[in-house]
Amino acid sequence: MNGSLPLEELQSASVGPLYLKLKTVIENAITVGRLKHGDALPPERDIADAGAISRVTVRKAIDTLVADGVLVRRRGSGTFVVKPIERLQQPLSRLTSFTDDMRRRGMQAGSRWISRGLVFPTPEETMTLGLASDARVARLIRIRTANDMPIALERTSLPDDILPNPDVIDDSLYLALAERGVRPVRANQRISAVLLKDAETQLLGVPPGSPALSVQRIAYFDTGRVMEMSTALYRNDVYDLIAELTVGQ
C-alpha cells in the first residue's frame, strides 16, 4: 500500500462491519493527506490481500464512498480520490474576464503559464482572426487558477497588432488590453462537453478520463473585427455555466 492505507488499523478499529472499518481507514487517509485529490486508490485485489479481507468487503466500502462523493470510478482507469470543491457558477449573459469572475466571488485569480509569445499562425487562426499573410499571432496558453486551485486550461490567440508583446500579460488579458484602449464589445461562445486528454488531466490535477466543459469564444470590436479567439477547458467538477432565459411574447 506504500503507506497510503494503514490497513493494520482494521484490526484495532472499533467494533462493527468490516466494510465500515475500511471506509473509515480510507476517509482518515484522505483527511491526514496520505491520499490527496486525484490520487488513485490501490486496486481492490491489493487492498483485500493487504487487509486479509474479502473483495466483497472492499467493494462495499468503496461503493459507499463513491455514493458519498469521496471517491470516483473511471472506467478503465481505476478509483480516484475526489476533494470536495465548492462549485462556481458562471452566467452566460455577460462578457467578462476570468479575473473579474473570481474577484466577484472573493477569490484570487492567477495564471500558471505554459507558453506565450508571437508565433506563426495556424490556418484556423489566420482565417478566424483575418490575418494578413505575413502577420503573426500572439498565443497564450495557461492554467487559470482560483486561490491557487487549477480551474481551467485556456488557449487564446490575438492578432499581433492588438497584442504585440504577450509578455506584458500578468493575470488579466482584458485588463492589460483595456490599458491600451482595447476592449471587445461582444462575443460568440460555443459550449460542449469533452473528455480531457491525459496531459490535460495532469495540468488540471484531476483523474484520468475526467470530463470538462469546452468553451470556445470569438470576441469582436464594435467595428466587427475579431479581437481574439480562445478555447477554455473548465473542470466539470468545479464549474457550472448558467443562462437566464425569458419567455418570448
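The preceding data block contains the structure.
Residues numbered from 1 in each chain as written. Predicted model: local features only at pLDDT ≥ 70, side-chain atom pairs only at ≥ 80, totals over all residues. Heavy atoms only, no water.

Remarks on unusual backbone geometry
Move 1: Positive phi outside glycine occurs at Ala52, with the angle close to 55°.
Move 2: Relative to the helices and strands, Ala52 is located in the loop between helix H3 (44–51) and helix H4 (55–67).
Move 3: Exposure remark for Ala52: the relative accessible area of 68% places this residue in the exposed category. (Helix = DSSP H or I, 4+ residues; strand = E, 2+ residues; numbered from the N terminus. Buried < 20%, exposed > 50% of the residue type's maximum accessible area, 1.4 Å probe, protein only.)

Observations concerning the packing of helix H2 (residues 18–31) against H4
The angle between the axes and the distance between the axes are what describe a pair of packed helices.
Move 1: For the pair H2 and H4, the least separation of the axes is 8 Å and the interaxial angle reads 55°. Here H4 runs oblique to H2, going by the angle between their axes. In terms of crossing hand, the pair formed by H2 and H4 is right-handed. In this structure, H2 contributes Leu18, Tyr19, Leu22, Lys23, Ile26 and Glu27 to the contact, and H4 contributes Thr57, Val58, Lys60, Ala61, Thr64 and Leu65.
Move 2: Partitioned by chemical class, the residues of the contact of H2 with H4 number 7 nonpolar, 2 polar and 3 charged. (Axes fitted to C-alpha atoms, helices over the stretch in contact; angles between N-to-C directions. Parallel < 35°, antiparallel > 145°, perpendicular 65-115°, else oblique. Left-handed = near helix turned anticlockwise from the far one by under 90°. Contact = heavy atoms within 4.5 Å. Nonpolar A, V, L, I, M, F, W, Y, C, P; charged D, E, K, R; others polar.)

What about the nonpolar core?
Move 1: Judged by nonpolar contacts, the single largest core of 18 residues is most densely connected at Leu5, Leu7, Leu22, Leu41, Ile47 and Val58.
Move 2: Breaking this core down by element, the ones donating at least two residues are H2, H3 and H4.
Move 3: Setting aside residues up to four positions removed in sequence, Val58 forms contacts with Leu22, Glu44, Ile47, Ala48 and Ile53. (Core = buried A, V, L, I, M, F, W, Y, C linked by side-chain atoms within 4.5 Å.)

Re the environment of Leu71
Move 1: Within the fold, Leu71 resides in strand E1 (residues 71–74).
Move 2: Along the sequence, Leu71 and Asp39 sit 32 residues apart, while their C-alpha atoms lie 9.8 Å from each other.
Move 3: Setting aside residues up to four positions removed in sequence, Leu71 forms contacts with Ile30, Leu41, Ile62, Leu65, Val66, Thr79, Phe80, Val81 and Val82.

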